[in-house]
Amino acid sequence: MEFKLSPEQEALRDMVRQLMEERVKPRTAEIDEKEEYPWWVKEAFAEHELFTVTVPAEYGGLDGSLLTQCVAIEEVARVCASSSMVLGNQSLGSSPIALGGNEAQKQKYLPKVATGELLPSFGLTEPEAGSDVNNLQTRAVPDNGGWRINGAKCFITQGNIADVVSIFAKVNQNGKDLITAFLVEKGTPGFYCDKVEHKMGLKGSPTCSLVLEDVWVPQENMLGKIGDGFKLLLDCLNKGRISVAAQSLGIAQGAFEAARDYAKERVQFGQPLAKIQAVQHMIADMVTEIEAARCLTWAAAYKYDQHEPDMVKFSGMAKLYASDVANKVVTNAVQVMGGYGYLKDYPVERMMRDAKIFQIFEGTNQIQRSSVAREVLR
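Scoring rules and cut-offs
- Positions within a chain are numbered from 1, following the residues in the order the chain's sequence is written.
- Confidence filtering applies because this is a predicted model: local features only for residues at pLDDT of at least 70, side-chain atom pairs given and counted only at 80 or more, and all residues used for totals across whole chains, interfaces and linings.
- Hydrogens and waters are ignored; side-chain quantities use all the structure's heavy atoms.
- Here a strand is any run of E in DSSP of at least two residues, a helix any run of H or I of at least four, and the numbering for each starts at the N terminus.
- Buried residues are those whose accessible area, probed at 1.4 Å on protein chains only, stays under 20% of the maximum for their type, while exposed residues exceed 50% and partly exposed ones sit between those limits.
- Counting rule applied: Lys, Arg positive; Asp, Glu negative; His and chain ends not counted.
- A pair is scored as a salt bridge if a Lys or Arg side-chain nitrogen falls within 4 Å of a carboxyl oxygen belonging to Asp or Glu.
- Throughout this description, a polar contact denotes any pair of N or O atoms lying within 3.5 Å of each other; where both atoms belong to protein, one of them has to be capable of donating a hydrogen while the other can accept it, and for residues adjacent in sequence the pair is counted only when both atoms sit in side chains.
- Pairs of residues are marked as contacts when any of their non-hydrogen atoms sit within 4.5 Å.
- Only the stretch in contact is used when a helix axis is fitted, and all axes are lines through C-alpha atoms; the angle between N-to-C directions ranges over 0 to 180 degrees.
- Just so you know how the angles are binned, under 35 degrees is roughly parallel, over 145 roughly antiparallel, 65 to 115 roughly perpendicular, and the rest oblique.
- Note on convention: the crossing is left-handed when the near helix lies turned anticlockwise from the far helix by less than a right angle, right-handed when the turn is clockwise.
- Residues are grouped as follows: Ala, Val, Leu, Ile, Met, Phe, Trp, Tyr, Cys and Pro are nonpolar; Asp, Glu, Lys and Arg are charged; every other residue, Gly included, is polar.
- Strand pairing requires that DSSP identify at least two bridges connecting the strands.

Enquirer: Describe unusual backbone geometry, listing the residues and the values that go with them.
Expert: The phi dihedral of Glu49 is positive, around 55°, even though this residue is not glycine. Counting through the fold element by element, Glu49 comes out in the loop between α3 (39-47) and α4 (66-79). In this model, Phe155 sits at a positive phi of 55°, which is unusual for a non-glycine residue. As for its placement among the helices and strands, Phe155 is situated in strand β3 (residues 146-157).

Enquirer: Tell me what's going on with the side chain of Lys170, and back it up with residues and numbers.
Expert: Within the secondary structure, Lys170 sits in strand β4 (residues 164-173). Buried charged residue Lys170 carries no salt bridge. Nearest counter-charge: Asp177, at 4.9 Å. Of note is the side chain of Lys170, whose polar atom sits 2.5 Å from the backbone oxygen of Asn134. Once you skip the residues sitting within four places of it in the chain, Lys170 turns out to touch Asn134, Asn135, Leu136, Thr138, Arg139, Ala140, Asp177, Leu178 and Ile179.

Enquirer: Can you lay out the packing of helix α5 (residues 81-100) against helix α7 (residues 229-265) for me, pointing to particular residues and giving the numbers?
Expert: Closest axis-to-axis distance for the α5/α7 pair is 9 Å, and the angle between their directions is 160°. It follows that α5 is roughly antiparallel to α7 by the angle criterion. Relative to α7, α5 is oriented so that their crossing is right-handed. Touching Ala81, Ser84, Met85, Ser91, Leu92, Ser95, Pro96, Leu99 and Gly100 of α5 are Leu232, Asp235, Cys236, Lys239, Gln247 and Ile251, all from α7. Here the residues of the contact of α5 with α7 are counted per class, giving eight nonpolar, five polar and two charged.

Enquirer: Mind laying out the pairing of strand β5 (residues 176-185), listing which residues take part and the relevant values?
Expert: Of the strand pairs in this sheet, β4 and β5 are connected by ten bridges, and their pairing is antiparallel. Bridging across to β5, Val165 finds its partner in Val184. Where β4 folds back on β5, the antiparallel hairpin that results is connected by two residues, among which Asn174 adopts a positive phi of roughly 55°. By the bridge criterion, two bridges tie β5 to strand β8 (residues 222-223) in an arrangement that is antiparallel. Across the sheet, the residue bridging to Phe182 is Met222, located in β8.

So this is what it looks like as structure tokens:
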């Protein structure tokens, strides 16, 4: 692996940075305050064909590389974590189709994901099944040539606006409950959003509870076969964790830059903060840990793209380390900026609230440590 981006990846990075600086950065506080999905951000991403990084090349994607996606999503998160969820959820939501769908399903949905015409979502978590996915309570039973689904989902990103949701449910076959995935489209009778949560951060990315009451879907909406769902969800989460690491990196980079620039301008004791050794050491620690996290994240993305056998270990390491670094960096950025860092007038206040969830979703960092240890000790 070369730790150097291709000319195409560098051009993409520069384009995304310019887009975020010129069109999104002036309105980040507005996104946070409104607590709504920023449709105008979605349209800007579609206009610049940014969603092409989320799907395989043969279905309208850019190059199908997870590393390319990570480069783009870091630049988005550097300015606005909520906007990074617009891009990130387009990837996670479509991953069950890309990784487990048949050709007809891929042709039906993925080209529209690449253009931003279709918004997908990932329906796994339940009130009694967060990290413990084997405790899913949602069930699907055969009915009239298709499947009748009953259950409830929670913490579903953008579930209230999604055009199609990959729902993971248990199917009983020969006395065994087997996790199976189904595609449920918006407007299907009995399928609705029950609640939109009010969160600490990521306020521009709606998080919802979904209800399925006697929802019927045809056989053609099953992803794979009965029982394929468990492996599919693991495959999706292993990919998603690397994307989460890139988002964490972006938040950390944005907070570091804000603290660095402030330290150069803020004068205390007759000199800029940047001349004070204690502040210098904090800045040095920030940039060192960000660069280490970036190397680990890029390595994980490279291993995913190359189908290397230790990808699962690297996926977990990248997610837990990058999200821990993000939380440490934003905390120190607020500290460098003092009382001003605690005010909504400055972006690090929002970044601090946004960063916390990245240690929790896509598998808590405690779960990641157990997963990494299992891979190392097996």
